[in-house]
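Residue-level listing of the chains:
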Amino acid sequence: MSPRKSETNVLVNGGRKRVLVIQTGTAPSEIRARFGDFGEWFRRGLRLKPEQIRCVRVDCGETLPAPENVAAALVTGSGAMVTQRLEWSERTAAWLLDAAAAQLPMLGVCYGHQLLAHAFGGRVDYNPRGREIGSVDIEMLPAAKDDALFDALPSRFAAQATHLQSVTLPPRDAVVLARSTLESHQIVRYANKVWGVQFHPEFGVAQMRAYLRARAEAITSEAIDVSALLQAVRPSPVSRSVLRRFVRLARS
């Protein structure tokens, strides 16, 4: 049996459990028109079929299933801010704690990463170093060598990023696994089988360039050279592999 076939059996046929994508926002309309919305980006990155995932729009008031009824969960990025303490966001944070207690494998991305930090008692705020956007270099830290999800990644790799807020203080028992020039907490392990990444493994080069163009006015107002950022965008295959690695880990 091939790894792909086995993966499908565990995530779908075994108890009919699907991978849950907790969608906390939506892409700008001009980007959505070209690439679809976040749920589809994650599905493609996970290399799963539509029937293998369930997408829940918590930002639109949709209800999350019980943790025991899904195989794993991913939490997307958002245009909202964790510091706004929106009702749906706080409700989702409580669900994440319950899911972690149930040993559900989870991966938070950008807003999802920050929401996990908030749920576990860490601090989230505007990044004191300013906006991080474009292709960035991720530097793995020594703690990653013993991590179940990130142990095999190279010491440095490219990733796509776009965010204003950050995890400014990780929860007490969290383990920081990677950093970048502008972000001290690029990858954090919050609990057993629970991770957050500040970068976007679901982004490709085209999505990153689209975000740079969509945010061009705001970026320029901060005295950042948009043209230079566009020219510096580069493929991020290692970053994109994180989603597939997460699915494989969920099998076990």
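Residues numbered from 1 in each chain as written. Predicted model: local features only at pLDDT ≥ 70, side-chain atom pairs only at ≥ 80, totals over all residues. Heavy atoms only, no water.

Colleague: How do you make sense of the pairing of strand β1 (residues 18–23) when you look at a structure like this?
Modeller: Working note: regular strand, side chains alternate between the two faces of the sheet. The buried fraction of β1 is high, at five of six residues. Where β1 and strand β3 (residues 70–75) come together, five bridges link them in parallel fashion. Pairing of L20 across the sheet is with A73, part of β3. Bridging between β1 and strand β2 (residues 53–57) involves five bridges; their strand directions are parallel. (Buried < 20%, exposed > 50% of the residue type's maximum accessible area, 1.4 Å probe, protein only. Helix = DSSP H or I, 4+ residues; strand = E, 2+ residues; numbered from the N terminus. Pairing = 2+ DSSP bridges.)

Colleague: What's the story with the packing of helix α4 (residues 87–101) against helix α5 (residues 111–119) in this structure? I'm lost.
Modeller: Two numbers describe a pair of packed helices, the interaxial angle and the distance between the axes. At their nearest, the axes of α4 and α5 sit 9 Å apart, and the two run at 70° to each other. With respect to α5, the axis of α4 lies roughly perpendicular. Seen along the crossing, α4 lies across α5 with a hand that is right-handed. Between α4 and α5, the contacting residues are W88, S89, E90, T92, A93, L96 and L97 on the first element and Y111, L115, L116, H118 and A119 on the second. Among the residues making up the contact of α4 with α5, the classes are represented as eight nonpolar, three polar and one charged. (Axes fitted to C-alpha atoms, helices over the stretch in contact; angles between N-to-C directions. Parallel < 35°, antiparallel > 145°, perpendicular 65-115°, else oblique. Left-handed = near helix turned anticlockwise from the far one by under 90°. Contact = heavy atoms within 4.5 Å. Nonpolar A, V, L, I, M, F, W, Y, C, P; charged D, E, K, R; others polar.)

Colleague: Would you explain the pattern of salt bridges in this entry?
Modeller: It is possible for side chains of opposite charge to pair when their charged atoms get near one another. Following the criterion strictly, the structure yields ten salt bridges and no others. Between R44 and E40 there is a salt bridge, with the nearest N and O atoms lying 3.4 Å from each other. Linking R44 with E40, this pair stays in helix α3 (residues 38–46), spanning four residues, or about one helical turn. Across the salt bridge formed by R179 and E139, the nearest N and O atoms sit 3.1 Å from each other. In this pair, R179 is assigned in strand β9 (residues 175–179) and E139 in strand β6 (residues 132–140), connecting sequence segments 40 residues apart. (Salt bridge = Lys/Arg side-chain N within 4 Å of Asp/Glu carboxyl O.)

Colleague: Before we go on, may I ask you to explain helix α9 (residues 237–251) in this structure?
Modeller: Since the α-helix turns once every 3.6 residues, residues separated by three or four places project in the same direction. Over its 15 residues, α9 runs 22 Å from end to end, which matches the ideal 21 Å to within 8%, given 1.5 Å per residue. At L243, α9 is deflected by roughly 25°, the largest bend along its length. Those residues of α9 lying buried are S239, S241, V242, L243, R245, F246, V247, L249 and A250. (Expected span 1.5 Å × (residues − 1). Bend = angle between axes of the 7 residues up to and from the residue.)

Colleague: Before we go on, may I ask you to explain the nonpolar core in this structure?
Modeller: One broad trend across soluble globular proteins is that nonpolar side chains are buried collectively. Within the largest apolar cluster, 33 residues are counted, with the highest numbers of intra-cluster contacts made by L74, L107, I138, M140, F150, I187 and W195. The element that contributes the greatest number of residues to this core is α9, accounting for six residues. Grouped together as the second largest cluster of nonpolar side chains are 29 residues, W88, W95, L116 and V188 included. (Core = buried A, V, L, I, M, F, W, Y, C linked by side-chain atoms within 4.5 Å.)

In short, shape yes, function no, at least from these values alone.
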